[in-house]
Amino acid sequence: MNTTFMRVSDVATELGVSKSYAYKIVQKLNNELKELGYITIAGRLNRKYFAEKLCYGEKERM
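Everything in this summary refers to the structure shown in the same document. The model shown is predicted, which means the values in this text are computed figures rather than measured ones.

### As for the packing of helix 1 (residues 8-15) against helix 2 (residues 19-35)
Here comes step 1: Between helix 1 and helix 2, the shortest axis-to-axis distance is 8 Å and the interhelical angle comes to 110°. Considered as vectors, helix 1 and helix 2 are oriented roughly perpendicular to each other. Touching Val8, Ser9, Val11, Ala12 and Leu15 of helix 1 are Lys19, Ala22, Tyr23, Ile25 and Val26, all from helix 2.

### Considerations on the side chain of Asn30
Here comes step 1: Position of Asn30 relative to the elements: it lies in helix 2.
Here comes step 2: There is a polar contact of 3.4 Å between the side chain of Asn30 and the backbone oxygen of Ile41.
Here comes step 3: Non-local contacts of Asn30, meaning those with residues more than four positions away in its chain, are made with Thr40, Ile41, Arg44 and Leu45.

Parameters and conventions
- Residues numbered from 1 in each chain as written.
- Predicted model: local features only at pLDDT ≥ 70, side-chain atom pairs only at ≥ 80, totals over all residues.
- Heavy atoms only, no water.
- Axes fitted to C-alpha atoms, helices over the stretch in contact; angles between N-to-C directions.
- Helix = DSSP H or I, 4+ residues; strand = E, 2+ residues; numbered from the N terminus.
- Parallel < 35°, antiparallel > 145°, perpendicular 65-115°, else oblique.
- Contact = heavy atoms within 4.5 Å.
- Polar contact = N/O pair within 3.5 Å; in protein donor to acceptor, adjacent residues only side chain to side chain.

So this is what it looks like as structure tokens:
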């Protein structure tokens, strides 16, 4: 299923980390989005933003 938002469990699975660590990542990225003026949902993360921040996005990083 390709939804717009990822849950904490999706982030944990994608990164191979515990749910508690995944929740910290979701909080951090959601705080970044809030600073950019976006509305966020606790425990959910925009899939596209997640991909960009973890080097899966269109921008190539070195």
